[in-house]
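# Summary of structural features
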Amino acid sequence: MLNTSSLTGLILHLQRLSTEDGPGLRTTVFFKGCPLRCQWCHNPESISSRPEVQWIKNRCIGCYSCIEICDHHGLVRTTDGIQRDRNVCSVCGACVEACPANAMELLGTEISVEDLVAELKKDQAFFKKSGGGVTLSGGEPTLQPHFAKELVSQLKAANVNVALDTCLLSQRQTLEALYPQIDIFLVDLKMIDPLQHERWTGAPLAPILNNLTWLANQLRQKDDLKRLWIRTPLIPGATATLENLTGISHYLADHLSDVVERWELCAFNNLCQDKYSRLDLNWHFADTALMSQSDLSQAGIWAGSGGFDPQRTFVTGAARFEVNETQENYGTNTLPQ
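The shown structure was predicted, so the numbers you read here are calculated from the model rather than taken from an experiment. (Residues numbered from 1 in each chain as written. Predicted model: local features only at pLDDT ≥ 70, side-chain atom pairs only at ≥ 80, totals over all residues. Heavy atoms only, no water.)

### Side note on the overall build of the chain
Within the chain, the regular secondary structure consists of 11 helices and 13 strands. Computed over the C-alpha atoms, the radius of gyration of the chain is 21 Å, within 12% of the 20 Å expected from 2.2 N^0.38 for a compact globule of 337 residues. Referenced to the eigenvectors of the C-alpha coordinate spread, the extents of the chain come out at roughly 60 × 55 × 40 Å. Within the chain, the fraction of its 337 residues that count as buried is 49%. Expressed as a percentage of contacts within the chain between residues at least 6 apart in sequence, the contacts between residues at least 24 apart total 72%. As displayed, the chain offers around 16,200 Å² of accessible surface, 49% of which is attributable to carbon and sulfur atoms. (Helix = DSSP H or I, 4+ residues; strand = E, 2+ residues; numbered from the N terminus. Rg over C-alpha atoms; globule rule 2.2 N^0.38 Å. Buried < 20%, exposed > 50% of the residue type's maximum accessible area, 1.4 Å probe, protein only. Contact = heavy atoms within 4.5 Å. Areas by Shrake-Rupley, 256 points an atom, 1.4 Å probe, with all protein chains shown as cover.)

### What about the packing of helix H3 (residues 113–120) against helix H5 (residues 145–157)?
Contact geometry for H3 and H5: axes closest at 10 Å, N-to-C directions at 40 degrees. Accordingly, the angle class assigned to the pair H3 and H5 is oblique. Handedness of the H3/H5 crossing: right-handed. Residues Val113, Glu114, Leu116, Val117 and Leu120 of H3 touch H5, and the partners they reach there are Phe147, Glu150, Leu151, Gln154 and Leu155. Partitioning the contact of H3 with H5 into residue classes produces 7 nonpolar, 1 polar and 2 charged. (Axes fitted to C-alpha atoms, helices over the stretch in contact; angles between N-to-C directions. Parallel < 35°, antiparallel > 145°, perpendicular 65-115°, else oblique. Left-handed = near helix turned anticlockwise from the far one by under 90°. Nonpolar A, V, L, I, M, F, W, Y, C, P; charged D, E, K, R; others polar.)

### Some points on unusual backbone geometry
Between Gly138 and Gly139 the backbone carries a cis peptide bond, its omega angle lying at 5 degrees. Of note, Gly139 is situated in the loop between strand S8 (133–137) and H5. With a phi angle near 60 degrees, Tyr64 is a residue other than glycine that sits in the positive phi range.

### With respect to the sheet that holds strand S7 (residues 109–112)
In space, the 9 strands of this open sheet follow the order S7-S1-S2-S8-S9-S10-S11-S12-S13, with mixed pairing throughout. The two strands at the open ends of the sheet, each matched to only one other strand, are S7 and strand S13 (313–316). Mean inter-strand twist for the sheet, computed between neighbouring axes without regard to direction, equals 30 degrees. As defined by bridge partners, strand S1 (residues 8–18) adjoins S7 across 4 bridges and the pair is classed as antiparallel. Among the inter-strand pairings, Gly9 is bridged to a residue of S7, identified as Ile111. Together, S1, strand S2 (26–31), S7 and S8 form the strand contacts of H3, whose direction differs from that of S7 by roughly 85 degrees. (Pairing = 2+ DSSP bridges.)

### Some points on the pattern of salt bridges
All told, the structure shown has 17 salt bridges when counted by the stated rule. In this structure, Arg16 engages Asp123 in a salt bridge whose closest nitrogen and oxygen atoms are separated by 2.8 Å. Pair noted here: Arg16 is in strand S1 and Asp123 is in the loop between H3 and helix H4 (124–130), with a separation of 107 residues, a long-range link. Where salt bridges share partners, they join Asp21, Asp165, Arg231, Arg262 and Glu264 into one cluster. (Salt bridge = Lys/Arg side-chain N within 4 Å of Asp/Glu carboxyl O.)

### Quick word on H5
For H5, with 13 residues, the first-to-last C-alpha span of 18 Å sits near the 18 Å given by 1.5 Å per residue. Among all positions of H5, only Phe147, Ala148, Glu150, Leu151, Val152, Ser153 and Leu155 are buried. A positive backbone phi angle near 65 degrees is found at Asn159, which sits one or two residues after H5. (Expected span 1.5 Å × (residues − 1).)

### Thoughts on the packing of aromatic side chains
Counted under the stated rule, the structure contains 10 aromatic pairs. Taking the centre distance of 6.1 Å and the plane angle of 80 degrees together, the rings of Trp263 and Phe308 count as edge-to-face. With Trp263 in strand S12 (residues 260–267) and Phe308 in the loop between helix H11 (293–304) and S13, this residue pair connects regions lying 45 residues apart in the sequence. Note on Trp263: relative accessible area 0%, which makes it buried. Above the ring of Tyr179, the side-chain terminus of Lys226 is found at 5.0 Å from the ring centroid. (Phe/Tyr/Trp six-rings, centres within 6.5 Å; stacked < 30°, edge-to-face > 60°. Lys NZ or Arg CZ within 6 Å of the ring centre and 35° of its normal.)

### Description of the side chain of Arg231
In this fold, Arg231 is placed in strand S11 (residues 227–234). Within the structure, Arg231 has its side chain in polar contact with the side chain of Asp165 (distance 2.9 Å). Apart from the residues within four sequence positions on either side, Arg231 is in contact with Glu20, Asp21, Asp165, Leu186, Val187, Asp188, Leu189, Glu264 and Cys266. (Polar contact = N/O pair within 3.5 Å; in protein donor to acceptor, adjacent residues only side chain to side chain.)

### Considerations on the nonpolar core
Among the nonpolar cores identified, the biggest contains 76 residues, and Leu136, Leu151, Leu189, Leu228, Ile230, Leu234 and Leu252 are the most heavily contacted of them. Among the elements that take part in this core, helix H8 (residues 206–222) stands out by supplying 7 residues, more than any other. Here Leu234 is in contact with Thr239, Ala240, Leu245, Leu265, Cys266, Ala267, Phe268, Met291, Leu296, Ala299 and Val315, once residues within four sequence places are set aside. Counting residues in each nonpolar core, the second largest holds 12 residues, with Trp55, Tyr64, Cys70 and Val96 among its members. (Core = buried A, V, L, I, M, F, W, Y, C linked by side-chain atoms within 4.5 Å.)

Structural data, given as C-alpha cells:
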C-alpha cells in the first residue's frame, strides 16, 4: 500500500494567473522531467528529471563565493563569468546558499502533496470567478505518476478543476489512473510524420498516437463532459510547414473530430534563449526570429485546409511587429468558457 502522506514530487515552479494553459485563470504546476528532447523546447530546465543549478549572469556581482565553497572544484572563473563543470557537480546546493546575489539558482524543488495542495488552494477564489483551475504541466507530469495521481485526487476533493498538459508519451496505466479525475486534457501533437517527429523530438510518434486513440475512445465511451484540446507549436522550419499542419489537420478530421474541442497553434517564441545559456546549452533556434503576422495567418490557412473544423482552430501567441504589415487574425484568441 502506497504511503501517500510521504509522497513528494520534483517541481520547478508555480505560475499563477495563467491564461495560456486551459480555460479561465489557472495556476500551472511545472513538473521537472520530460521524455522528449524537442530541439525547440521553450523550457529546457524542465527536461532533466534531476535538480540542476543555473548561473544567472546579470545577477552576478563577481564575488566568487560560489567558487570558494565548491568542494568538487566544479566552478571556474572565465572571461564570460562563471563556468560549471556539470560532470563533477553534485547539485549539493552549496553554491546556491553561498551566493549573496541569488545568481546561483536551484532548479527543482522537492515538495509534498499536502504542501503543494495547500499552496494551490490559496488561488481558489480566482478559479471560481474565472472558471479556471490548476494545470499540471512540465516537463511531463506523468513521469511522476504516484505524485501526480495523489495531487489530482486531493485537488478534486477540494473541488478544483484540473487540466493535464501532456505529450502522451506515457505508460498506459498512468493515464488510466489519472483519467477519472482530469477535467481537461491538453495534448501536444507536434508533428504527424513519424520520421520527422523522431528527428526533431528524439522520440517515436506511434506510442503517442496509440495513447491519443485510447484517450479519444475513453471520451466517447464515458461521455463524462471531459474536454480535449490539441496543441501544436509553430516552429519555423520544423512544425510550421504546409505538410505538417495539413497532415495534423487530416488526422484530427479523420480520427478525432468528434472529441476535440479546440486545436491551438502556438506561435514560436524566443524568450527562452537565456535559459539555454544559463544551463550551458546551445539552442538550435537561437537565431530564429518570431514569426510575422502573415506567417501566423498562413499557418492558420494551412491548418484550415486539411479538413479539421477552422472554427475550432486558433492561432495564439505573439507575432513579430513589421511596419505596414496587414494585421490579420485567424480565429480568435478568446478561450472558450
